[in-house]
Each structure stands twice: as C-alpha cells, then as structure tokens.
Amino acid sequence: MSRAISDAQTGETLPGILVRSEGEPETGDASVTEAYDGLGYTFALFWEVFERDSIDDRSSPLEATVHFGSLYDNAFWDGSRMVFGDGDGEIFTGFTRSLSVIGHELAHGVTEFTAGLVYRGQSGALNEHVSDVFGALVEQHAWRQTAAEASWLVGEGIFTDEVEGNALRSLKAPGTAYDDDVLGKDPQPAHWDDFIVTRDDNGGVHLNSGIPNRAFWSIADTLGGFAWERAGQIWYDTLTNGSLTPRSEFSEFAAATIAAAVARFGDGSDEQRAVEAGWALVGVVPAEA
C-alpha cells in the first residue's frame, strides 16, 4: 500500500502540496490524518476480504487532497485521486470526518476499473449504490461491526450540530437520513414504485440509489454476521465477474447478483434466497436470462 496526501490550501489546483507520504508520521492536521487513515482502511477491506490490490488491482498508489476550495461542500473522486472540502461550517463540517464517505469515493474508482457503470440514469444510480455499499462496508470492517450493530449510514458526522439529520443517506431506511428546514427532507425512495424520473442529478443517481441500497441492507441483515463476508462478497463478485455492462439497469443488476450468489454459495443456498428476497422487498424484478 502506498498513500500520499496533499494539501490544496483552500485553492482548487490539484494535487496541491504533498504533506504526508506512506509511513511518515502525523502532521498535526486532522484532515490529513483522517484522509491517510481512511485510505488505509479502504485498502484493508479490498485486500483482506476480496484480495484486491488497490483500486485497480495493480497496486496503484492511493492519493488524496484535503482542504480543497474555500468552504467547499463536497468530496469527490476525480478519476485518479480523492478530493475533500472542509465544508461551509454551517451545514457541513470536513468531509474527511466520515470513513464511509472516504470508502464511498474510492469505490467509484473500483467501479471505474471493473464494471464501468455509466454515471447516468439507472446505471448511474447503481454506480452510486455500489459506492454506498462499499463505503458502509469499509466502516464496518474497520470497526468490526456486524450487520446488526452497524448504523448503515453514509456520511455520518459531517453535518454540523445545526442540521436536523444523521447522515447523507441511510441504506437501511432510505428517505430518513435527514429532515431539515434548510436541506429539506431526504428525498431517496426505498421502493421501485417510487422511482424518481428526473433530468437533475444525472437522472437521479443520488436519489434512486436508495432502492438497491435497501435491498442490500435487507440481504446483509437476513444473513447476519459480518456483511462483507457474504452479501459484500456477492456484490464484489457481481462487480468484477463480467456479468454487467456499463449501462446495466436495476433488473439486470438484480439478476447478476442472484447468479453470483448461486455461483459462490450454491443453488438453493441461504445466500441465494436472501438476495432474491432483498430485491423482492424493494419491488425490483430480476431480468430473465
């Protein structure tokens, strides 16, 4: 594992000034420490559980930039590195504070190197969903939480105390992460019947991801134990086994996860039944082969 953290010093020129490389001591900057540790926890999940060597499976360095922009309210994967804003201090605090956010953004890189899900419409919502799943699993793996113990929240801890909300999204209960006078109510649907058709947000990628998110939570909850061991393994297999196309839709993704469960755990297995029940819970009918 090779990590490198740079500091944009509130500018928007990347990568910024290199401030910490692999094996070097802490700098005293909390954002640098959180980013460095978060990259390490993300690497650990993919390597220890799935035997994946970094995001490209070819030992690529993990790089991040902190203190990006002035009062910048976001974190993103730019195709080669993680970039974190410090928040505006009114709604958001620093985005390095959430391990699930770090895992989420790096998982976009894993998707880019595997299924390559196009970031629009249903395939884009699946892209977001996959990042939410692995973001949650990075946190659970680091903290050794079972499915029952985990919060299933993405972005917990990045809201200020002024915001009425717990996180950006909830996999367990989409639509309940926040309800605030300024932000409004969490708009994520939790069932296919409530799928949102919109031109905004690249066709609702951050909205409709709530539907497969709840399916995954249900599968992990049904199987119990550590979610990365069975539910997470099925999702990783689906992402990497060539069964998806860049424009796969929910029904195709559901069918692929069922097939992956059968391939790894056997026809008629508890895992297969849990996956089928998870998709049924959210009203997604798997595509026929």
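The model shown is predicted, which means the values in this text are computed figures rather than measured ones. For every chain, the first residue of the written sequence is number 1, and numbering continues from 1 onward in sequence order. The predicted origin of the model limits local features to residues at a pLDDT of at least 70 and limits the giving and counting of side-chain atom pairs to 80 or more, whereas totals for whole chains, interfaces and linings rest on all residues. Computation of side-chain values covers all heavy atoms of the structure but excludes hydrogens and water.

Could you give me a rundown of the overall build of the chain, with the residues and numbers involved?
The numbering of helices and of strands both runs from the N terminus, where a helix is a DSSP run of H or I of at least 4 residues and a strand a run of E of at least 2. Across its full length, the chain holds eight helices and nine strands. Here the C-alpha atoms of the chain give a radius of gyration of 18 Å, agreeing with the 19 Å that 2.2 N^0.38 yields for 289 residues. In terms of principal-axis extent, the alpha carbons of the chain reach across some 55 × 45 × 35 Å. Throughout this description, buried means an accessible area under 20% of the type-specific maximum (1.4 Å probe, protein chains only), exposed means over 50%, and partly exposed covers the range between. Every one of the 289 residues in the chain was classed for burial, and the buried ones make up 53%. The contact criterion used throughout is that any non-hydrogen atoms of two residues lie within 4.5 Å. For the chain, the proportion of contacts with a sequence separation of at least 24, taken over those separated by at least 6, is 57%. Per-residue and other accessible areas follow the Shrake-Rupley method at a 1.4 Å probe size, with only the shown protein chains counted as cover for residues. With the model as given, the accessible surface of the chain reaches about 12300 Å², and the carbon-plus-sulfur share is 46%. Looking at the chain, you have 17 positive and 47 negative side-chain charges, and the mean spots of the two groups are 5 Å apart. Each radius of gyration is computed over the set of C-alpha atoms, and the globule rule expresses the reference value as 2.2 Å times the number of residues to the power 0.38. The positive count covers Lys and Arg only, the negative count covers Asp and Glu only, and His and the chain ends enter neither. Charge placement uses NZ in Lys and CZ in Arg. For Asp and Glu, CG and CD serve respectively.

I'd love a proper account of the sheet that holds strand β2 (residues 17–21), names of residues and values included.
Read from one edge of the open sheet, five strands run β2-β1-β3-β5-β4, paired in mixed fashion. Of all the strands in the sheet, just β2 and β4 (75–77) have a single pairing partner and so form its edges. The mean inter-strand angle of the sheet, taken between neighbouring strand axes irrespective of direction, is 20 degrees. Sheet topology places strand β1 (residues 3–7) next to β2; four bridges connect them, and they run antiparallel. Here, strands pair whenever DSSP counts at least two bridges between them. Think of each axis as a best-fit line through the C-alpha atoms, taken over the contacting stretch in the case of a helix, with angles from 0 to 180 degrees between the N-to-C directions.

Could you give me a rundown of the packing of helix α3 (residues 121–143) against helix α4 (residues 201–208), with the residues and numbers involved?
Orientation of α3 relative to α4, taken along the N-to-C sense of each, is 40 degrees, at an axis distance of 7 Å. What the angle tells us is that α3 and α4 run oblique. Between α3 and α4 lies a crossing of right-handed hand. Facing Gly 121, Gly 124, Ala 125 and Glu 128 of α3, the residues of α4 in contact are Asn 202, Gly 203, Gly 204, Val 205, His 206 and Asn 208. Gly is put with the polar residues, along with every residue not named as nonpolar or charged; the nonpolar set is Ala, Val, Leu, Ile, Met, Phe, Trp, Tyr, Cys and Pro, and the charged set is Asp, Glu, Lys and Arg. A class-by-class count of the residues in the contact of α3 with α4 yields two nonpolar, seven polar and one charged. By definition in this entry, angles of less than 35 degrees are roughly parallel, angles greater than 145 are roughly antiparallel, angles of 65 to 115 are roughly perpendicular, and the rest are oblique. Rotating anticlockwise by less than a right angle from the far helix to the near helix defines a left-handed crossing, while the corresponding clockwise rotation defines a right-handed one.

I'd like to hear about the pairing of strand β3 (residues 62–66), residue by residue, with values.
With four of five residues buried, β3 lies mostly within the body of the structure. Direction of pairing for β1 relative to β3: parallel, over a ladder of five bridges. Its bridge partner being in β3, Ile 5 is matched across the sheet by Ala 64.

Lay out the domain arrangement of the chain in plain terms, naming residues and giving numbers.
Here the chain is described as being made up of domain 1 (3–113) and domain 2 (121–281). Here the C-alpha centroids of domain 1 and domain 2 sit 22 Å apart. Taken together, the contact pairs 27 residues of domain 1 with 34 residues of domain 2. Summed over both partners, the accessible surface that disappears when two parts come together, traced with a 1.4 Å probe, is what is meant by buried area. Between domain 1 and domain 2, roughly 2400 Å² of surface is buried when both sides are summed, and carbon and sulfur atoms account for 69% of that area. By the criterion of area lost to domain 2, the three top residues of domain 1 are Phe 50, Ile 91 and His 104, representing 24% of everything that side buries. Any carboxyl oxygen of Asp or Glu within 4 Å of a side-chain nitrogen of Lys or Arg constitutes a salt bridge here. If you look at where domain 1 meets domain 2, you find zero salt bridges. Domain ranges listed in this record stem from an automatic or a database domain assignment.

Mind laying out the layout of surface pockets, listing which residues take part and the relevant values?
Here the term cavity refers to a set of points on a 1 Å grid, laid over the protein atoms alone, in which a 1.4 Å probe fits but cannot get out; the term pocket refers to an open set having protein on both sides within 12 Å along at least five of seven lines, with lining residues being those that place an atom within 4 Å of a point. Grid points are joined across faces, edges and corners, and a volume is the space filled by probe spheres set on the points. Size it by volume and the largest pocket reaches roughly 570 Å³. Asn 74, Glu 128, Leu 168, Arg 169 and His 206 are, among the 25 residues lining the largest pocket, the residues nearest its centre. Among the secondary structure elements, those contributing two or more residues to the lining of the largest pocket are β4, α2 (99–113) and α4. A total of four residues in the lining of the largest pocket trace back to one element, the largest contributor, which is α2. Considering only residue class, the lining of the largest pocket consists of 14 nonpolar, five polar and six charged. A domain-level breakdown of the lining of the largest pocket finds at least three residues from each of domain 1 (3–113) and domain 2 (121–281).

Would you mind going over the nonpolar core in detail, with residue names and values included?
Formed by 74 residues in total, the largest nonpolar core has its most connected members in Leu 45, Phe 84, Phe 134, Trp 152, Trp 235 and Trp 279. In terms of residue count, helix α1 (residues 30–50) provides more of this core than any other element does, nine residues in total. Formed jointly, this core draws a minimum of three residues from each of two domains, domain 1 (3–113) and domain 2 (121–281). In this structure Trp 279 touches Pro 212, Ala 215, Trp 235, Phe 253, Ala 254, Thr 257 and Val 284, once residues within four positions along its chain are discounted. The nonpolar core is taken to be a set of buried Ala, Val, Leu, Ile, Met, Phe, Trp, Tyr and Cys residues, with the residues joined through side-chain atoms within 4.5 Å.

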